[in-house]
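Descriptive analysis of the structure
Residues per chain, in single letters:
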Amino acid sequence: MILNMVFFSLGPLNATEVEQETVKSSGYFTNETDSGLGSIWDDIYALLPPTDGGSEMDVILKQIEWKHNLVLWVLPWKLRAGLSPLLESWIANMLLGFTLYLGLGALWCLVIFRMAIDTRYGIQAENVPAAKDIWAQIKVSCSAIPLYTLLPPLSEWMIKQGWTLVYGRVASQGWGVYGVYFLLYMASVEFGVYWMHRKLHELKLGYKFLHATHHIYNKENTLSPMAGLAFNPVDGILQASPYVWTLFLVPMHFFTHEILLFATAVWTTNIHDCIYGGGEPIMGAAYHLIHHTHYKVNYGHYSIVCDWLFGTLKPPTNESDKKKD
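These remarks concern the structure in this document. (Residues numbered from 1 in each chain as written. Predicted model: local features only at pLDDT ≥ 70, side-chain atom pairs only at ≥ 80, totals over all residues. Heavy atoms only, no water.)

**Section: the packing of aromatic side chains**
Scanning the model with the defined rule gives twelve aromatic pairs in all. Ring geometry for Trp-195 against Phe-310: centres 5.1 Å apart, planes inclined by 65°, an arrangement best described as edge-to-face. Of this pair, Trp-195 sits in helix α9 (residues 175-202) while Phe-310 sits in the loop between α15 (305-309) and α16 (319-324); the two residues are 115 residues apart in sequence, bridging distant segments of the chain. For Phe-310, a relative accessible area of 33% translates into the label partly exposed. (Phe/Tyr/Trp six-rings, centres within 6.5 Å; stacked < 30°, edge-to-face > 60°. Helix = DSSP H or I, 4+ residues; strand = E, 2+ residues; numbered from the N terminus. Buried < 20%, exposed > 50% of the residue type's maximum accessible area, 1.4 Å probe, protein only.)

Printed below as a string of structure tokens:
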């Protein structure tokens, strides 16, 4: 209720009229029908994020509304029209967050704990976590997701204000430049996540009041894919914040940024499944399990590079380590 009051009090933000016109013209909330092959292709094309617009900001606004329409199509237009853009964005991102976490996590658990149990693609039967541990992880995650998903609306709001270096079309930069910017962006994110994670361990207050919530689960038979988002919400936001503040430093394609924000949920599901998959220099589940059992090593996000550079790397060097993962 308090969040509701805050969002409504903020009122319409920049480009509200443009956004609402985009929604109305998109056809999601009309009863107009068409027939024939042309209509089918139009329907398929409508499912893709738009890239047309008079300016980069026009494209970004259309892509934001495309995402909202994709998620909030079930809501009556009159209800959506009464929401501020920030509140609408939060609801859309929260629903996406819950869907991704619960859907992907449940599927992942089904595969590794049932379909592939006692194989190299699953968990050994004796190491399957107890149901109470998995449910505890789900409870912590679901209580945190509404706050985690405040970050994408904040990011979108700052982008709309023109404060960041975000652009809307890959064509405006070219694929080569896009690739360079992407690598610089991910290097900054990797560096930022590494140090944020490391300091949450090294600062006693940060660990005690924030990060300890996640480290309740420190053995193979207590970790599961559902532990990927089982954080104190402030902890989760802090570790994701490099994805946002890097937008002020490196030009970044808007829709790629949006995908990366949600890709972190997929990645954290993966690195908590305790299955050794190799693939160095990727920071896979083998490395992350060692982080959970040893605490002061393997802080990296997608890569082991920062751990290697700053002396905190502990690889799974023998078969017992690999089996633990």
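**A short note on helix α13 (residues 254-271)**
When the terminal C-alpha atoms of α13 are compared, their 26 Å separation across 18 residues agrees well with the 26 Å that a helix rising 1.5 Å per residue should span. In the structure, α13 departs most strongly from a straight axis at Phe-262, where the bend amounts to approximately 30°. Of all 18 residues in α13, 15 are buried; the element is thus mostly enclosed. (Expected span 1.5 Å × (residues − 1). Bend = angle between axes of the 7 residues up to and from the residue.)

**Remarks on the nonpolar core**
In terms of nonpolar packing, the biggest core is built from 21 residues, with Tyr-101, Phe-113, Ile-123, Tyr-148, Leu-223, Met-226 and Leu-229 touching the most fellow members. At the level of secondary structure, the elements contributing two or more residues to this core comprise α6 (85-115) and α7 (131-148). Among the elements that take part in this core, α7 stands out by supplying five residues, more than any other. Those residues in contact with Phe-113 that sit more than four places away from it in its chain are Ile-123, Val-128, Pro-129, Ile-134, Ser-224 and Pro-225. (Core = buried A, V, L, I, M, F, W, Y, C linked by side-chain atoms within 4.5 Å. Contact = heavy atoms within 4.5 Å.)

**Let's talk about the packing of α9 against α13**
Orientation of α9 relative to α13, taken along the N-to-C sense of each, is 35°, at an axis distance of 12 Å. The crossing of α9 and α13 is right-handed. Contacts from Tyr-178, Phe-182, Tyr-185 and Met-186 in α9 reach Thr-256, His-257 and Leu-260 in α13. (Axes fitted to C-alpha atoms, helices over the stretch in contact; angles between N-to-C directions. Left-handed = near helix turned anticlockwise from the far one by under 90°.)

**Considerations on the pattern of salt bridges**
A full pass over the atoms with the stated rule returns nine salt bridges. Residue Arg-80 pairs with Glu-65 through a salt bridge whose shortest N-O separation is 3.5 Å. Pair noted here: Arg-80 is in helix α5 (residues 77-81) and Glu-65 is in helix α4 (residues 56-72), with a separation of 15 residues, a long-range link. Each member of the pair, Arg-80 as well as Glu-65, is classed as buried. Glu-258 is the salt-bridge partner of Lys-67, the closest N and O atoms lying 2.4 Å from each other. Of the two residues, Lys-67 sits in helix α4 while Glu-258 sits in helix α13, which places them 191 residues apart along the sequence. The same class applies to Lys-67 and to Glu-258, which are both buried. A single network of salt bridges, built from pairs that share partners, joins Glu-65, Arg-80 and Glu-88. (Salt bridge = Lys/Arg side-chain N within 4 Å of Asp/Glu carboxyl O.)

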